[in-house]
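# Coordinate analysis (summary)
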Amino acid sequence: MRTRFSGGKILAWGCCLCLLFAGSAGAEVSALVKVTPARMMYMADQLRVYGTVEFAPEDGRTIVLPAETLVNQVLVAAGQRVRQGQPLLQIQASVSDQLQRKQAEIALKFAIADQQRVASLRQRQLATNSQLQAADQSLARARAALQDIQLRLQQLQKGQVSAPINGVVTIVHVHQGDLVPAGQPLLSLSTANALRVLLGVEPADLARIQVGDSVQLLPVYGGQAAVQGKIRQIYSQIDPQTRLAQVVVPLPASPDLMPGAMLQAEIILHRQKAVAVPDSAVLQQGGRSYCFVDVAGKAQKRWVKTGWQQGGWIAVNQGLSAGDSVVSLGNYELKNGMALRIEGKS
């Protein structure tokens, strides 16, 4: 018995197949079938991959501080929406930076006293101009050092870090009790106005894709409609965890797409016009593909070579011509030369 495959599922239309006997023994057997004309249509070569939605990094803000910081309390979590000015962290200057400020204040006092002493000696002709100049320079350096550390600690004086924008917390880089070096990220925020999808592509397939290729994206879970996008970036570097290369597809913000969601993507590599038939018309036997064609009311078996599949249609590169009436349902028990009754015809 032959089987026909469509999208990986066995279609059983046999219950709709009627064998008509002409009343007496030996009468010709006919089968009730549905036929569909083969037609010319554009078919696309597609590459199926999977990826994850995330906020676009260029649409966000990373918060850093110029001084070593002790985190006393974390007030938000990743994924939380925040308003501009809302407290995010409770912080204080590190003991090390507080000590540096104290040392700078003491150094400035000594520099002032020394400059005054040398200036007094110079007035009495007991010090040279170069000695006074050196004392002035030391005083200037001491003042600059204190101003620098005061400026670095100025942002910590309020004891908290507040949100600079309205948005969503994407990453909390720190924990309560952390001592964070100057310039290290504390939190990352996004305005949530733009998304992107990071697709994982097998390294062997990288040569097949290019920036600008169209991509059709569909949530793996849920019944949302497909979303269209285009490849913006291709990272020719293998992720050590997934062993895949990454491809970036930007998307506008949408309530149907949440960061962290898994998407199935069909990358459209290129299109070409070809003879196509419903994939239900193509049967398999011994690893080869074939169709039945209605020729003067008889089923004619045709061996075919197939190509790309798209939207329930399959390209036929050899064995059929546009306009051929191909049996698309009721074909799995047909035999070559069997008479056909066409569904819808009296």
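Residues numbered from 1 in each chain as written. Predicted model: local features only at pLDDT ≥ 70, side-chain atom pairs only at ≥ 80, totals over all residues. Heavy atoms only, no water.

- As annotated in an unreviewed UniProt entry, the chain carries the name RND transporter and comes from Acidithiobacillus thiooxidans ATCC 19377.
- The heading Sequence similarities (unreviewed entry) in the UniProt record of the chain holds the text "Belongs to the membrane fusion protein (MFP) (TC 8.A.1) family." (UniProt positions renumbered as here; feature names shortened; annotations may be inferred.)

## A few points about the nonpolar core
- Within the largest apolar cluster, 28 residues are counted, with the highest numbers of intra-cluster contacts made by V82, L88, L89, V161, L186, L187 and L189.
- Those elements giving two or more residues to this core turn out to be β9 (87–93), α1 (95–123), α2 (129–154) and β13 (185–190).
- Of all the elements, α2 adds the most residues to this core, at five residues.
- Apart from residues no more than four positions distant in its own chain, L189 is found in contact with G60, R61, I63, V82, L88, A163, P164, I165, V168, V169 and T170.
- Listed in part, the 24 residues of the second largest apolar core include V49, V53, A192 and V247. (Core = buried A, V, L, I, M, F, W, Y, C linked by side-chain atoms within 4.5 Å. Buried < 20%, exposed > 50% of the residue type's maximum accessible area, 1.4 Å probe, protein only. Helix = DSSP H or I, 4+ residues; strand = E, 2+ residues; numbered from the N terminus. Contact = heavy atoms within 4.5 Å.)

## Considering the UniProt feature "coiled-coil region" (unreviewed entry) in the chain
- UniProt records the feature "coiled-coil region" (unreviewed entry) for residues 132–159 in the present numbering.
- Helix makes up 82% of residues 132–159 and strand 0%, whereas the separation of the span's terminal C-alpha atoms amounts to 41 Å.

## Section: the UniProt feature "domain: Multidrug resistance protein MdtA-like barrel-sandwich hybrid" (unreviewed entry) in the chain
- Taking the UniProt record as the reference, the feature "domain: Multidrug resistance protein MdtA-like barrel-sandwich hybrid" (unreviewed entry) is found at residues 74–186.
- Across residues 74–186, helical content stands at 49% and strand content at 20%; the span's end C-alpha atoms are separated by 10 Å.

## Quick look at the pairing of strand β5 (residues 39–55)
- Two elements, β5 and strand β19 (residues 262–278), share 14 bridges in a ladder whose sense is antiparallel. Within β19, the position partnered with M43 by the bridge is Q272.
- Relative to strand β14 (residues 194–201), β5 runs antiparallel, the two sharing six bridges. By the bridge assignment, E54 is partnered in β14 with R196. (Pairing = 2+ DSSP bridges.)

## Here we look at the packing of aromatic side chains
- For the structure shown, the criterion picks out two aromatic pairs.
- Between Y290 and W303 the ring centres are 5.4 Å apart and the planes differ by 65°, which places this aromatic pair in the edge-to-face class. Within this pair, whereas Y290 is found in strand β21 (residues 288–295), its partner W303 is found in strand β22 (residues 298–310), the two being separated by 13 residues in sequence.
- A relative accessible area of 0% means that Y290 is categorised as buried.
- The rings of Y290, F292 and W303 are connected pair by pair, giving a single aromatic cluster.
- The lysine or arginine in question, R39, covers the ring of W313, its NZ or CZ lying 4.0 Å from the ring centre. (Phe/Tyr/Trp six-rings, centres within 6.5 Å; stacked < 30°, edge-to-face > 60°. Lys NZ or Arg CZ within 6 Å of the ring centre and 35° of its normal.)

## Overview of the environment of V174
- One can find V174 in the loop between β11 (167–172) and β12 (179–180).
- Put simply, V174 and L89 are 85 residues apart on the chain and 9.6 Å apart in space, counted from C-alpha to C-alpha.
- If sequence neighbours within four positions are ignored, V174 has contacts with V71, V74, L89, V180, P185 and L186.

## Observations concerning the pairing of strand β18 (residues 245–252)
- Sheet topology places β14 next to β18; eight bridges connect them, and they run antiparallel. Across the sheet, residue A194 finds its bridge partner in β18, namely P252.
- Summarising the sheet, strand β17 (residues 233–238) and β18 pair through four bridges and their orientation is antiparallel. Across the sheet, the residue bridging to Y235 is Q246, located in β18.

## Details of the sheet that holds β11
- The four strands lie next to each other as β6-β13-β11-β8, forming an open sheet whose pairing is antiparallel. The outermost strands of the open sheet, each flanked by one partner alone, are β6 (60–64) and β8 (81–82).

## Observations concerning the domain arrangement of the chain
- Domain annotation of the chain identifies domain 1 (31–43 + 273–342), domain 2 (48–58 + 191–271) and domain 3 (60–190).
- When each unit is reduced to the centre of its C-alpha atoms, the spacing between domain 1 and domain 2 is 35 Å. (Domains from an automatic or database assignment.)

## Side note on the pattern of salt bridges
- Taken as a whole, this structure holds seven salt bridges when the rule is applied.
- Of the charged contacts, one joins R117 and D114 as a salt bridge, the two residues approaching to 2.8 Å between their closest N and O atoms. Residue R117 and its partner D114 are located together in helix α1, separated by three residues, close to a single helical turn.
- As a salt-bridge pair, R302 and D324 come within 3.4 Å of each other at their nearest N and O atoms. In this pair, R302 sits in strand β22 while D324 sits in the loop between β23 (313–318) and β24 (325–329), placing the two residues 22 residues apart along the sequence. (Salt bridge = Lys/Arg side-chain N within 4 Å of Asp/Glu carboxyl O.)

## Some points on α2
- Between its first and last C-alpha, α2 extends 37 Å over 26 residues, near the 38 Å set by a 1.5 Å rise per residue.
- Structurally, α2 contributes buried residues whose contacts are with β9 and α1. (Expected span 1.5 Å × (residues − 1).)

## Some thoughts on unusual backbone geometry
- Of note, Q125 is a non-glycine position whose phi angle comes to about 65°, a positive value.
- As for its placement among the helices and strands, Q125 is situated in the loop between α1 and α2.
- Residue class for Q125 comes out exposed when judged on its relative accessible area of 63%.
- Phi is positive for R243, close to 60°, though the residue is something other than glycine.
- By secondary structure assignment, the location of R243 is in the loop between β17 and β18.

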